[in-house]
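# Coordinates in review
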Amino acid sequence: MLPILPGAPWLVAHRSMLGVNQPYKVTLNCQDYVLWQNTQRNIFALENTCPHMQAPLSNGWICESHDTITCPFHALEFDREGRLCKDGLAQGQAVVQPLELHIKDDLIWTYGGFEPRLPIPDLIPRRTAGLTFVGVAGEKSIHADFLSCIKINYDFNHQNGSHRKSFKIKDNPVHRFESDGYFAKVEQTFIRERNTLKEILANPGLISMPQSYNSNLEYTFPSTTMFDGDVDFGQIPQFYILYPETDRRTKTFVLCYGEWKNPLFQLPGLNVLAKNALLKATAMVVEQDSATLESLYPQQKPKIRLPKEEIMLYVEKLYREWQPHE
Ligand code: FES
Ligand SMILES: [Fe+2]
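Residues numbered from 1 in each chain as written. Chains lettered and ligands numbered in written order. Predicted model: local features only at pLDDT ≥ 70, side-chain atom pairs only at ≥ 80, totals over all residues. Heavy atoms only, no water.

Ordered by their spatial adjacency, five strands build an open sheet running β5-β6-β7-β8-β9, and the pairing between neighbours is antiparallel. In the strand order of this sheet, the two ends are held by β5 (61-63) and β9 (89-94), each with one partner. Bridge analysis of strand β8 (residues 83-86) against β9 gives four bridges, and the strand direction is antiparallel. Its bridge partner being in β9, R83 is matched across the sheet by A94. (Pairing = 2+ DSSP bridges. Helix = DSSP H or I, 4+ residues; strand = E, 2+ residues; numbered from the N terminus.)

What follows is the structure in structure tokens.
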């Protein structure tokens, strides 16, 4: 496969997803890598293929005292630079290629070995200053191509289809759409029908959503979509992250941040409940989108157009101009 958007910065993980001294596998543009974090919060990354007989290093284990990873097949040990080690001592040149990471606070970015074509965006730190990190929701691999996955984040007509059951959105007028190169902004209002008690019990996060509320979206192509709804909980921006694993598989996860403006939610017990409800509702959104994406037939030229699709056409244009061979 030809790489998807080579030179784009990809956010492959939040530090909290890695654990400590545990291998974490990342697949980016058909290449597998293993990442691990030591107790001092240093993060290392190597290609995942053992140079002996090609076992996946991510199935191996970390030596805490040497910051090395050991292959699960014949227990050869490699350091952070990909050199073979014995008892923690490196022997000779690198035999496994390291992956260059760009770590910004807790965000782990990489260009996947390509020449950078865009800077690493500052959207997340800019929009989360002073907020607490709530957690990661909806981490999964979607069996769909990257373009389809990114387009759904710019699709302002799918609320009534893909998200019909839970959010009961009657209308979502878009008031503003501005774009500046790879950055775009949208303002919209959600108008919802009331939820039944049964629906709220199944998904308590719905309590936080008024019947009419404004939301801001900000996009930094191609990795990040910020959704910031003005809901009763407080300010809870969510960052929907995407990166291409293969030409048919796309990784997603959502970083949730928050500040509870309602004093009730500052009580320890309710705080935990509110956080869990937020993460659960977010994971449900991801499930609904991925169920849609995984059900689609191969793309054809649409015979019908809906209003508000210019935003989707904007992102498709960015993608196709980057990726002229498709
Ligand atoms: S395959 Fe890794 S040590 Fe043999
Ligand atoms: Fe969606």
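After that view, the rundown keeps rolling.
The final tally for this structure, using the stated rule, is 13 aromatic pairs. Where F190 meets Y213, the ring centres are 5.3 Å apart and the plane angle is 50 degrees; that geometry is what we call tilted. One end of the pair, F190, is in strand β15 (residues 183-192); the other, Y213, is in strand β16 (residues 212-220), with 23 residues separating them in the sequence. For F190, a relative accessible area of 4% puts it in the buried group. With 6.3 Å between their ring centres and 50 degrees between their planes, F221 and W322 make a pair best called tilted. Here the residue F221 occupies a position in the loop between β16 and β17 (224-231), and W322 occupies one in helix α6 (residues 310-322), the gap between them amounting to 101 residues. Against the face of W322 rests R117, its NZ or CZ located 4.1 Å from the ring centre. (Phe/Tyr/Trp six-rings, centres within 6.5 Å; stacked < 30°, edge-to-face > 60°. Buried < 20%, exposed > 50% of the residue type's maximum accessible area, 1.4 Å probe, protein only. Lys NZ or Arg CZ within 6 Å of the ring centre and 35° of its normal.)

Taken together, H158 (NE2), H163 (NE2), D289 (OD) and D289 (OD) make up the protein donors of the iron ion (ligand 2), found 2.1 to 2.4 Å from the metal. Bound by four donor atoms, the iron ion (ligand 2) shows angles of 56 to 136 degrees at the metal and therefore irregular coordination geometry. Mapped onto the sequence, the donors of the iron ion (ligand 2) take the spacing H-x4-H-x125-D. Linking H158 in the loop between α2 (146-153) and α3 (164-167) with D289 in helix α5 (residues 268-295), this pair joins segments that are 131 residues apart in sequence. (Donors = N, O, S within 2.8 Å, 3.2 Å for Na, K, Ca; no water. Tetrahedral: all angles 85-135°; square planar, octahedral: opposite > 155°, others 65-115°.)

Under the domain assignment used here, the protein contains domain 1 (10-110) and domain 2 (123-321). Once you take the C-alpha centre of each, domain 1 and domain 2 turn out to be 32 Å apart. Contact residues are listed per partner, giving 15 residues for domain 1 and 20 residues for domain 2. Across the interface of domain 1 and domain 2, roughly 1300 Å² is buried in total on both sides, 70% from carbon and sulfur atoms. Taken as a group, W10, L11 and T27 account for 39% of the area that domain 1 buries against domain 2, more than any other trio of residues on that side. At the surface where domain 1 touches domain 2, the tally comes to zero salt bridges. There are four residue pairs in polar contact (both at pLDDT 80 or more) connecting domain 1 and domain 2. By residue number, the principal contributor to the side of domain 1 that touches domain 2 is strand β1 (residues 10-14), which donates five residues. (Domains from an automatic or database assignment. Contact = heavy atoms within 4.5 Å. Buried area = accessible area lost by both parts, 1.4 Å probe. Salt bridge = Lys/Arg side-chain N within 4 Å of Asp/Glu carboxyl O. Polar contact = N/O pair within 3.5 Å; in protein donor to acceptor, adjacent residues only side chain to side chain.)

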